[in-house]
Amino acid sequence: AQTVTQSQPEMSVQEAETVTLSCTYDTSESNYYLFWYKQPPSRQMILVIRQEAYKQQNATENRFSVNFQKAAKSFSLKISDSQLGDTAMYFCAFFYPEKLTFGTGTRLTIIP
Amino acid sequence: GAGVSQSPSNKVTEKGKDVELRCDPISGHTALYWYRQSLGQGLEFLIYFQGNSAPDKSGLPSDRFSAERTGGSVSTLTIQRTQQEDSAVYLCASSPGPTTYGYTFGSGTRLTVV
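Residues numbered from 1 in each chain as written. Chains lettered and ligands numbered in written order. Predicted model: local features only at pLDDT ≥ 70, side-chain atom pairs only at ≥ 80, totals over all residues. Heavy atoms only, no water.

Draft legend 1. Structural view of the overall build of chain A. Helix and strand content of chain A: 0 helices and 12 strands. The N-to-C order of helical and strand elements in chain A reads β-β-β-β-β-β-β-β-β-β-β-β. Taking 112 residues into account, the globule formula puts the C-alpha radius of gyration at 13 Å, and chain A, at 13 Å, falls close to it. A principal-axis box enclosing the C-alpha atoms of chain A has dimensions of 40 × 25 × 20 Å. Looking at the 112 residues of chain A, the share that counts as buried comes to 51%. Within chain A, contacts between residues at least 6 apart in sequence are counted, and of these 53% link residues at least 24 apart. Seen as two clouds, the 10 positive and the 10 negative side-chain charges of chain A have centres 4 Å apart. (Helix = DSSP H or I, 4+ residues; strand = E, 2+ residues; numbered from the N terminus. Rg over C-alpha atoms; globule rule 2.2 N^0.38 Å. Buried < 20%, exposed > 50% of the residue type's maximum accessible area, 1.4 Å probe, protein only. Contact = heavy atoms within 4.5 Å. Lys, Arg positive; Asp, Glu negative; His and termini not counted. Charge placed at Lys NZ, Arg CZ, Asp CG, Glu CD.)

Draft legend 2. Region of the structure containing the packing of aromatic side chains. All chains considered together, the criterion is met by 18 aromatic pairs over all chains. Here the aromatic rings of Tyr-25 of chain A and Phe-94 of chain A are separated by 5.8 Å at their centres, their planes lie at 40°, and the arrangement is tilted. On the criterion of sequence distance, the pair formed by Tyr-25 of chain A in strand β4 (residues 24-26) and Phe-94 of chain A in strand β10 (residues 88-95) is long-range, its members being 69 residues apart. Both residues of the pair, Tyr-25 of chain A and Phe-94 of chain A, belong to the buried class. Directly above the aromatic system of Phe-45 of chain B lies the positively charged group of Lys-99 of chain A, at a separation of 4.7 Å from the ring centroid. (Phe/Tyr/Trp six-rings, centres within 6.5 Å; stacked < 30°, edge-to-face > 60°. Lys NZ or Arg CZ within 6 Å of the ring centre and 35° of its normal.)

As structure tokens, this is what we get:
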């Protein structure tokens, strides 16, 4: 079974700074997908970024980028130029074979 | 519809009562998922539907929990004889299939058992 670990329950950073959220996972599979989801107070989960395990190139989406280290089973999320709207819970998730397995989340607060 | 719709948004029920939670997926999405999010916890997988069948219901915590999906669309999660530990946010998600492009989530139902 796959497990996902997020070791930072809470983080805070000043507006406009860069912050990195950590995620590690455990699997014996070689082809899988990794995701970061954001959950604001509205409760709706919003897809932030997606990474295919067979691609070495790290995914980027505007201010969001990942550092994917397959051998180390690490998948961190970097948020650049952080904004107040980035305040939310962030969940790392692993997809294989037909469902997502989530970590326990990191509560990120952006300080004005 | 334009998004995944869940109802009710909030539900308070007395211990021992039965509750039904509803999920309306995006039109045309064949895959539907239920997750449970307890306070301070991540999302716990409950059940996955492909069409009207449930190839994976391994996450249902007990026989008090059941779910069905009709017409390849609406799904209902039923909790019988509710207990206080059932209090959580129940999230539904849908996707065009068992896709690797992630799901679209609803805003969830917050269930409080008193």
